[in-house]
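The chain contents come next:
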Amino acid sequence: MLRQMVRVRRLEEQCVELYSAAKIRGFLHVYIGEEAVAAGVMSALRADDAVVATYREHGHALLRGVSASAIMAEMYGHAEGCCRGRGGSMHLFDAATRFYGGNAIVAGGLPLAVGLALADRMSGRDRVTVCFFGEGAMAEGEFHESLNLAALWGLPVLFCCENNLYAMGTALDRSESQTDMALKASAYEVSAWAVDGMDVLAVEEAARRAVDAVRAGGGPHFLELRTYRFRAHSMFDPELYREKAEVERWMERDPIALLRTALEASGELAADQWDALEREVGAEMAAAVEFAEGGTLEPVEKLTRFVYSEREPTARESGDRAPGVRGSR
Ligand SMILES: Cc1ncc(C[n+]2csc(CCOP(=O)(O)OP(=O)(O)O)c2C)c(N)n1
Ligand SMILES: [Mg+2]
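Quick notes on the rules
- Residues numbered from 1 in each chain as written.
- Chains lettered and ligands numbered in written order.
- Predicted model: local features only at pLDDT ≥ 70, side-chain atom pairs only at ≥ 80, totals over all residues.
- Near = placed C-beta within 6 Å.
- Nonpolar A, V, L, I, M, F, W, Y, C, P; charged D, E, K, R; others polar.
- Pairing = 2+ DSSP bridges.
- Helix = DSSP H or I, 4+ residues; strand = E, 2+ residues; numbered from the N terminus.
- Axes fitted to C-alpha atoms, helices over the stretch in contact; angles between N-to-C directions.
- Contact = placed C-beta atoms within 7 Å.
- Parallel < 35°, antiparallel > 145°, perpendicular 65-115°, else oblique.
- Left-handed = near helix turned anticlockwise from the far one by under 90°.
- Buried ≥ 20, exposed ≤ 12 C-beta atoms within 10 Å, placed from the backbone.
- Right-handed = clockwise from strand over helix to strand, strands pointing away.

Inspection of the region around ligand 1 gives 15 residues, with V106, G134, G136, A167 and M168 positioned closest. Its residues assigned to classes, the shell around ligand 1 shows 7 nonpolar, 5 polar and 3 charged.

Take a look at the structure:
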């Protein structure tokens, strides 16, 4: 898990640098400081589970198994990226790892997760769908609709609220009357509890417990991961809404430093092992940048490709539709 968190940190530090060099354009929201959440939760999942995330999702994609190279090429808008350059930073997507985005709409991923879980339930599969979202999403109608239906129908979803205390420049206690997110979720008869989101071991343990309960048919569960973003909301944020001292206080609980220190103290991480880890991750990210640099742009005439599915409808899909309507075209 230490390695996983370092991979996410180094990937995003690289992205910030490339953004400043105008190699990456558009919006860019980094997860720096919050890595323990994705690392802990992902380690509790099976390969056939599904993951839905937000626009702050580079780390989730990487830890789900999308390669750093495919992510970096996507950041560049190149055809070799995981969405052939059509998604960019906010819309990473990869069907092979069941990573369903990358959603730019706040709370937009929640109904998608409920739909994926409903499909699994109807098909009799014991898969779990994990949905990550910020605490800002809990002020949206979609949060309430999704929690209600998931609970009512007992669907296999794990809702993971990444509570970093701010929604862009708005502090949680200035925008929501109930600031205890787990309590708010439990209003829907969903098992919900809060976890220290800077402690990857605590996150992993809670996620494993929750995922096991969901998979065993216990219905939706909810985790409030209490965390903090060390960087600005996006690359266009002058950060006028919080004190530097507050950021520094949270940085003392950097999830990577916490685990590294604990492993060194217990003798499980020697100095040369840390150096090797840094070197290997550095090489992985350098290779990803090189891959992205060597990429190509899709020709303009192909830009509307994939707006509609190119797959032929199956007989069942054709049969299910009204006469004259052909599949998904
Ligand atoms: C429906 C909708 N409303 C507003 C926005 C603009 N917006 C983008 S990010 C954001 C803040 C969301 O905060 P939070 O859910 O806490 O996630 P965080 O960025 O802290 O990870 C807002 C309001 C949007 N993308 N979608
Ligand atoms: Mg937030």
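Resuming the write-up.
An order of β1-β2-β3-β7-β6 is seen for the 5 strands of this open sheet, with the pairing classed as parallel. Every interior strand has two partners, whereas the edge strands, β1 (50-52) and β6 (191-196), have only one. For this sheet the average axis-to-axis angle between neighbouring strands, irrespective of direction, equals 20°. The strands that helix α5 (residues 109-123) touches are β1, β2 (129-134) and β3 (157-163); relative to β2, the one it contacts most, it runs at about 175°.

With that settled, the discussion passes to the packing of helix α2 (residues 35-42) against helix α9 (residues 200-218). At a minimum axis separation of 7 Å, α2 and α9 run at an interaxial angle of 40°. Classified by the angle between their axes, α2 and α9 sit oblique to one another. The handedness of the crossing between α2 and α9 comes out as right-handed. Contacts from A36, V37, A39, G40 and V41 of α2 reach α9 at V200, V203, E204 and A207.

Our focus in this paragraph is the pairing of β3. The buried fraction of β3 amounts to 7 of the 7 residues, a majority that puts the element mostly inside the structure. Of the two faces of β3, both are covered, the one formed by V157, F159, C161 and N163 as well as the one formed by L158, C160 and E162. In the sheet, β2 pairs with β3 via 6 bridges, with the strands oriented parallel. Along β3, the bridge assignment pairs F133 with C161. Each parallel crossover has a hand, and for β2 linked through helix α6 (residues 141-152) to β3 it is right-handed. Here β3 runs beside strand β7 (residues 221-226); their pairing, made up of 6 bridges, is parallel. The residue bridging F159 from the neighbouring strand is F222, located in β7.

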